[in-house]
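Chains, contacts and geometry: an overview
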Amino acid sequence: MITMNNDKNDSRRNFIKQSSLGLGAGLVGISNPFSMGRHKNEHNEKLHREICVASVDLKGLWPEKTRELRIKRMLERMEEVVGMKPDLICLPELFDTSWVEEERPLSELAEDEKVPGPVTGRIAAFARKNNCYVVCPLFTKKDGNFYNSSLLLDRKGSIAGVYHKTHPTDTEIYPGQAFKGGGTVPGVIDQPVIETDFGKLGMQICYDANWADGWDNLKKKGADIVLFPSQFPGGRILNYYALKHSYYIVSSTGGDARVIDISGNDLDITSDFVRYAWATINLDKVNVTTWPTNGNLPGLFKKYGDRLRIKVWGNTDVITIESRDERLNVLNVLKEFEIPVYADLLKYETEVQDKYRQGISKM
Amino acid sequence: MSKQNSMTGKEKNENRLPREVWVAAISLKGLWPIETIEQRMKDVLERMESVYAFEPDIICLPEEVNQSWVNETKTLQDVAEDETTHGPITSMLADVARKQHCYITCPIVTKKDGHFYDSTILLNREGKTDGVFHKVHPTSTEIIPNTYFKGGGVTPGPIKSQVYKTDFGTVGFQICFDAEWSDGWHSLKEDGAEIVCFSSQGPFANTLRNHAWFNHYYIVSATGENAQIIDITGDVIAFDGEFARWVCAPVNLEKELLHIWPHVKKFDAIQKRYGRKVQFKIYHPENWATLESRHPDIKVKDILKEYEIPTYDEQIKKSTGIQNKYRV
């Protein structure tokens, strides 16, 4: 389902590989597969797994008369975030046709999944110009079927992957109901994550939020960030999945756009006056349980001070720990202090429970 | 249900809706640490008195109410109570249940067939045991003998725990660390729980809100840190604070969670027809709505049937069927 045509030999990778990041990793014996692809320049002093993500919403741009006007206005809105030098920008579901009055049949709207079509091409040019990934949600066609999709465009404007909405609404599926000239086919539940030069991306679209299967699948496949283009905002559903699976979620919808932390808290959200959300996020960051980790906090602070950023989120019952030092890998720190990450703690506790529960059931 | 409510002694409250349930929870905050079990129970009973004026149908107490953060340490053998015959703590709370004519959750360590359990005993309005829940996911330190508990360890309960029919609705239980797993909560949903009573040392505040909306039931939480009542949407109905370490509020079981699309188009017509007898609440970001009956003669299910609106779960089930049919 996903086509991965990242160029493994792009100049950025080679440049970074030969520069100080590679040396830094060597000094402390940490092999970080992502450090080579880091987007780092004189304007951008980020940590080795720190990236800038941005998202624009559709609020105020609908209803719209024509598709052309919609694309033009979306490109204008995207220009508002280029100053942050984002590594990734997310656009809303079917960004070129959602709530656009001009109706065309799916056969005219749907674009190819490998070679950028007319709309994808314009977004790809933006991606190239601004050296960033862009999530481009529109109709695609493949093997005679139409899909409600999200294309991931890489920094060169090539299609790095595609996600097919797994759970379209009934009216999107039935031909001629929500869409002129056809219906969309639901994507398979088991869709892969897409490799980028900073981490693994997964996607969900709109109505998908009402099913756990896709979100769970992306966790299993190691997604660092899940993009959520949608018409509806998602609200607490997204906060729940971010926390449950310890991944970031970047949403772009008809109502708002958000960047959601692995702790389940909003890092940024659009407002009446600003229709974009953005944040610098660190992928070298983990969730641990408040208990028993709370007992380790004094020791962590004493040894590592501000080289770690530790936040106790009382509202979502979790502690996040991130490295603020290139030479410090957060997982190594946890290992040193014998602190399991959230999922590992629950795995261990479940094993103990099952062992003793099994004991009773045999009696 | 109205007939059942007549059993509850609520005749004096004529404005009460048929499926309105008054739930209460007591926090342990400020009551620990303390020296003895006797002092603890005295404090708890005193705190419980604050909610009696509301005539609650059920009062929820925190995990191991008699011994959490009590300095006096006794062996499990000494503190564990029998599950069929009332021990000292169960008797004390059963007496309150009888006098206040309400259900009480009594979270203590119990013993059964040579095993200890971190349990919640459900006492009915007559002070009798209606059911016992065994904590499904104790911490490893609680399980491994002599790590947390003196003289033994507790055995994890079965994941598929029972729900209990009361005279106001179906209740289920979870305890403390259970909040970190989904299995027990899902099991209660499948078995029709309408209210889940959560006893705990830790608060798990947001985690509980997620379990509530995910499973569309009310949660009443009594912990070492706080007490709260959570709506089927995950919204907080009542939360304790430094001036009142307890909560008590009505919840209406005649209420359904809906996905608004495309049914929102019918909401105006329903509201026009039924006026204040029904109440919609729309959750815009999530595309949810709740529909609640505010009149004794009106059932939500009847309205949904009349207007051909599925519940949230029915809609998702139907959509899944269509998606599977069309998926290549």
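Quick notes on the rules
Residues numbered from 1 in each chain as written. Chains lettered and ligands numbered in written order. Predicted model: local features only at pLDDT ≥ 70, side-chain atom pairs only at ≥ 80, totals over all residues. Helix = DSSP H or I, 4+ residues; strand = E, 2+ residues; numbered from the N terminus. Buried ≥ 20, exposed ≤ 12 C-beta atoms within 10 Å, placed from the backbone. Contact = placed C-beta atoms within 7 Å. Rg over C-alpha atoms; globule rule 2.2 N^0.38 Å. pLDDT = per-residue confidence, 0-100. Pairing = 2+ DSSP bridges. Axes fitted to C-alpha atoms, helices over the stretch in contact; angles between N-to-C directions. Core = buried A, V, L, I, M, F, W, Y, C linked by C-beta atoms within 7 Å. Right-handed = clockwise from strand over helix to strand, strands pointing away. Parallel < 35°, antiparallel > 145°, perpendicular 65-115°, else oblique. Left-handed = near helix turned anticlockwise from the far one by under 90°. Nonpolar A, V, L, I, M, F, W, Y, C, P; charged D, E, K, R; others polar. Expected span 1.5 Å × (residues − 1). Arc of directions from axis to C-beta.

**Comments concerning the overall build of chain A**
- Along the backbone of chain A there are 12 helices and 15 strands.
- Here chain A, with 363 residues, has 49% of them falling under the buried criterion.
- Of all intrachain contacts in chain A linking residues separated by at least 6 positions in sequence, the fraction that spans at least 24 positions is 62%.

**Thoughts on the overall build of chain B**
- Looking only at helices and strands, chain B has 10 helices and 16 strands in total.
- For a compact globule of 328 residues, the expected C-alpha radius of gyration is about 20 Å, and chain B comes in at 21 Å, within 12% of that figure.
- Oriented by its inertia axes, the alpha-carbon framework of chain B measures out at about 60 × 55 × 35 Å.
- Relative to its 328 residues, chain B shows a buried fraction of 48%.
- Across chain B, the fraction of contacts at a sequence separation of at least 24, relative to all contacts at a separation of at least 6, is 59%.

**A few points about the interface of chain B and chain A**
- Each partner contributes to the interface: chain B provides 28 residues, whereas chain A provides 29 residues.
- At the level of secondary structure, the elements contributing two or more residues to the side of chain B that touches chain A comprise α5 (140-143), α7 (205-215) and α10 (312-326) of chain B.

**Regarding the confidence of the model for chain A**
- Per-residue confidence for chain A gives a mean pLDDT of 88; residues scoring 70 or more make up 86%.
- Note that residues 1-43 of chain A has pLDDT below 50 and, in this model, 67 contacts with residues that lie over four places away or in other chains.

**A look at the sheet that holds strand β2 (residues 88-90) of chain A**
Residue and element names in this part refer to chain A.
- An order of β5-β4-β3-β2-β1-β12 is seen for the six strands of this open sheet, with the pairing classed as mixed. Edge positions in the open sheet fall to β5 (159-164) and β12 (276-282), since each of these has one partner strand only. Neighbour to neighbour, the strand axes of the sheet diverge by 30° on average, direction disregarded.
- Bridge count for strand β3 (residues 133-142) against strand β4 (residues 145-153) is nine bridges, and the pairing is antiparallel. Of the residues in β4, the one forming a bridge with Lys 142 is Asn 145.

**Focus on the sheet that holds strand β14 (residues 308-313) of chain A**
Residues and elements named next belong to chain A.
- Pairing in this open sheet of three strands is antiparallel, and the strands run β13-β15-β14 from one edge to the other. Since the sheet does not close on itself, it has two edges, and those belong to β13 (285-289) and β14, each with one partner. Strand-to-strand twist across the sheet, computed as the mean angle between neighbouring axes with direction ignored, equals 20°.

**A word on unusual backbone geometry**
- Cis geometry marks the peptide bond from Trp62(A) to Pro63(A); its omega dihedral reads 0°.
- Secondary-structure assignment places Pro63(A) in the loop between β1 (50-56) and α3 (67-79).
- Backbone geometry places Cys206(A), a non-glycine residue, at a positive phi of 45°.
- Position of Cys206(A) among the secondary structure elements: in the loop between β7 (200-203) and α7 (213-220).
- The residue Glu55(B) is not glycine, and still its phi comes out positive at about 55°.
- As for its position among the elements, Glu55(B) is in the loop between α2 (37-48) and β2 (58-60).
- Accessibility expressed as a C-beta count within 10 Å gives 18 for Glu55(B), which makes it partly exposed.

**Topic: the nonpolar core**
- The biggest cluster of nonpolar side chains holds 85 residues, and the ones touching the most others in it are Val53(A), Val134(A), Leu153(A) and Ile249(A).
- Apart from the residues lying within four places of it in its own chain, the contact partners of Leu153(A) are Ile123(A), Ala124(A), Ala127(A), Tyr133(A), Val134(A), Cys136(A), Ser158(A), Ile159(A) and Ala160(A).
- Counting 78 residues, the second largest nonpolar core, distinct from the first, contains Val21(B), Ile58(B), Ala205(B) and Ile219(B).

**Digging into the environment of Val250(A)**
Residues and elements named next belong to chain A.
- Looking at the element boundaries, Val 250 is found in strand β9 (residues 248-252).
- Overall, the presence of 29 C-beta atoms within 10 Å leaves Val 250 in the buried class.
- Sequence-wise, Val 250 and Arg 70 are 180 residues apart; in three dimensions their C-alpha atoms are separated by 21 Å.
- In contact with Val 250, not counting residues within four places along its chain, are Val 53, Ser 55, Cys 90, Ile 225, Leu 227, Phe 228 and Val 259.

**Some details on the pairing of strand β9 (residues 195-199) of chain B**
All names here are of chain B.
- Most of β9 is tucked away: five of the five residues are buried.
- Relative to β9, strand β8 (residues 170-175) is paired through five bridges, and the arrangement is parallel. Of the residues in β9, the one forming a bridge with Gln 174 is Phe 198.
- On the question of chirality, the crossover connecting β8 to the parallel β9 by way of helix α6 (residues 183-190) is right-handed.
- Of the pairings in the sheet, the one linking β9 to strand β10 (residues 218-222) comprises five bridges and is parallel in character. Within β10, the position partnered with Ser 199 by the bridge is Ala 222.
- For the crossover from β9 across α7 to β10, the handedness is right-handed.

**A short note on the confidence of the model for chain B**
- Averaged over every residue, the pLDDT of chain B is 95; residues scoring 70 or more account for 96%.
- Here the complex is predicted with pTM 0.90, and the ipTM for its interfaces comes to 0.92.

**Topic: the packing of α3(A) against helix α5 (residues 118-130) of chain A**
Residues and elements named next belong to chain A.
- Running from N to C, α3 and α5 point in directions that differ by 15°, and their axes come no closer than 12 Å. Judged on the interaxial angle alone, α5 and α3 are roughly parallel. Handedness of the α3/α5 crossing: right-handed. For the pair formed by α3 and α5, the contact residues are Ile 71, Leu 75 and Met 78 on the first element and Val 119, Arg 122 and Phe 126 on the second.
- Class assignment of the residues belonging to the contact of α3 with α5 gives a composition of five nonpolar, no polar and one charged.

**Quick look at α2(B)**
Residues and elements named next belong to chain B.
- With 12 residues, α2 should reach 16 Å at 1.5 Å per residue; the first-to-last C-alpha distance of 16 Å fits that figure.
- Three or more residues of α2 are buried, namely Arg 40, Val 44 and Arg 47. The arc that holds the buried residues of α2, viewed along the axis, is 65°, so those residues lie on one side.
- Summarising the contacts, the buried residues of α2 are in contact with β1 (20-26) and β13 (246-252).

**Here's the deal with the environment of Lys112(B)**
Residues and elements named next belong to chain B.
- Position of Lys 112 relative to the elements: it lies in strand β4 (residues 103-112).
- Residue Lys 112 is classed as partly exposed on the basis of its 16 C-beta neighbours within 10 Å.
- The spacing of Lys 112 and Glu 81 is 31 residues in sequence and 8.9 Å in space, taken between C-alpha atoms.

**Things to note about the environment of Gly234(A)**
- Turning to its location among the elements, Gly234(A) is positioned in the loop between β8 (225-229) and α8 (236-245).
- In this structure Gly234(A) comes out as buried when scored by C-beta crowding, with 26 C-beta atoms within 10 Å.
- Along the chain, Gly234(A) and Arg77(A) lie 157 residues apart, while their C-alpha atoms are 21 Å from each other.
- Among all residues touching Gly234(A), those that are not within four sequence positions of it are Ala209(A), Phe228(A), Ser251(A), Thr253(A), Pro285(B) and Glu286(B).

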